[in-house]
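# Observations on the model geometry
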Amino acid sequence: MIARINNFEVDLSKPIDISIPLTNTDENPIAWYIDKPEINPVFVDDWVGSVEKGASTNFNNIKFNPHGHGTHTECLGHITRDFYSINQCLKKFFFLAELVSIQPELMGEDLVISEDQIVNALDGKSPEAIIIRTLPNTTDKLSRKYSNTNPPYLSEDASVFIRESGIKHLLIDLPSVDKEHDEGKLLAHKAFWNVKDVTNLNSDARLEATITEMIFIAYEISDGSYLLNLQIASFENDASPSKPILYDILKIEI
């Protein structure tokens, strides 16, 4: 199915899923010092919500944390005193996106994505969304246990540059855009959302902007421009599990 959007076309029958499925196995990725997700049938007296156990339907409870258990999209409510919901902040779902691959630089004991790396990767482009694939890009990202490993992160200056470029949606294959142990500073989060005071939100904070973390982009997906469909579940929460989908841009008319 070919769809025409503005001055380009995409084939909606060929989606590229860059989310990580959530499972209750040891293969599920984990961050932030929690256990793996739980997916279990409901028990009511002697009834078990499992067709295998004799029920007419499968009827499971699911216990998970969107921030620690896989691909998720968050709004600035993740860091503010007052409640803001991703379901209320994200109202549009299709965006022009640029996929870039970056090998974080060693700064002291940390691996950091710098402003210069983002500038060079974008090469003058100002898309609605940026998708950052970190190198090396190994498949163990699909099941990695991130807690207490000091993963790479985005520098504050890089986050400021992304914001000032007009990019509203930041997607990355790491558990956080910030350093794991940073004393609660959250410099990259605050810079991207332009949050100057988490207690009394400034009027120019970016309510419509989102951060999506713990994606996975396979090597065969080339850097370049895509149409992004950013899908979330309707959670009234600062974050929701999400399913970002890319579509190749087939044709651009000048």
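Structure report, in brief. Computed from a predicted structure; not experimentally measured. (Residues numbered from 1 in each chain as written. Predicted model: local features only at pLDDT ≥ 70, side-chain atom pairs only at ≥ 80, totals over all residues. Heavy atoms only, no water.)

### Section: the nonpolar core
- In terms of nonpolar packing, the biggest core is built from 24 residues, with Ile118, Ile130, Ile132, Leu154, Ile162, Leu170 and Trp193 touching the most fellow members.
- Of all the secondary-structure elements, those providing two or more residues to this core are strand S9 (94–102), helix H2 (115–122), strand S12 (129–134), helix H3 (156–164), strand S14 (169–172) and helix H4 (187–193).
- Element by element, the count of residues in this core is highest for H4, at 3 residues.
- When sequence neighbours within four positions are dropped, the list of residues in contact with Ile132 reads Val100, Ile102, Ile113, Ile118, Leu154, Leu170, Leu171, Ile172, Asp173 and Ile217.
- Grouped together as the second largest cluster of nonpolar side chains are 23 residues, Ile20, Ile86, Ala129 and Tyr226 included. (Core = buried A, V, L, I, M, F, W, Y, C linked by side-chain atoms within 4.5 Å. Buried < 20%, exposed > 50% of the residue type's maximum accessible area, 1.4 Å probe, protein only. Helix = DSSP H or I, 4+ residues; strand = E, 2+ residues; numbered from the N terminus. Contact = heavy atoms within 4.5 Å.)

### A few points about the pairing of strand S2 (residues 8–11)
- Across 4 bridges, strand S1 (residues 2–5) lies against S2 in antiparallel orientation. What sits directly across from Ala3, in S2, is Val10.
- Connecting S1 to the next strand, S2, in antiparallel fashion are 2 residues, including Asn6 with a positive phi near 55°. (Pairing = 2+ DSSP bridges.)

### Observations regarding unusual backbone geometry
- In this chain, Leu135 is followed by Pro136 through a cis amide linkage whose omega measures 0°.
- Within the secondary structure, Pro136 is located in the loop between S12 and strand S13 (153–154).
- Unlike most non-glycine residues, Tyr33 shows phi in positive territory, near 65°.
- Looking at Tyr33, the relative accessible area reads 42%, which means it is partly exposed.
- Non-glycine residue Asp123 carries a positive phi angle of around 50°.
- Among the secondary structure elements, Asp123 is positioned in the loop between H2 and S12.
- The exposure class assigned to Asp123 is exposed, which follows from its relative accessible area of 65%.

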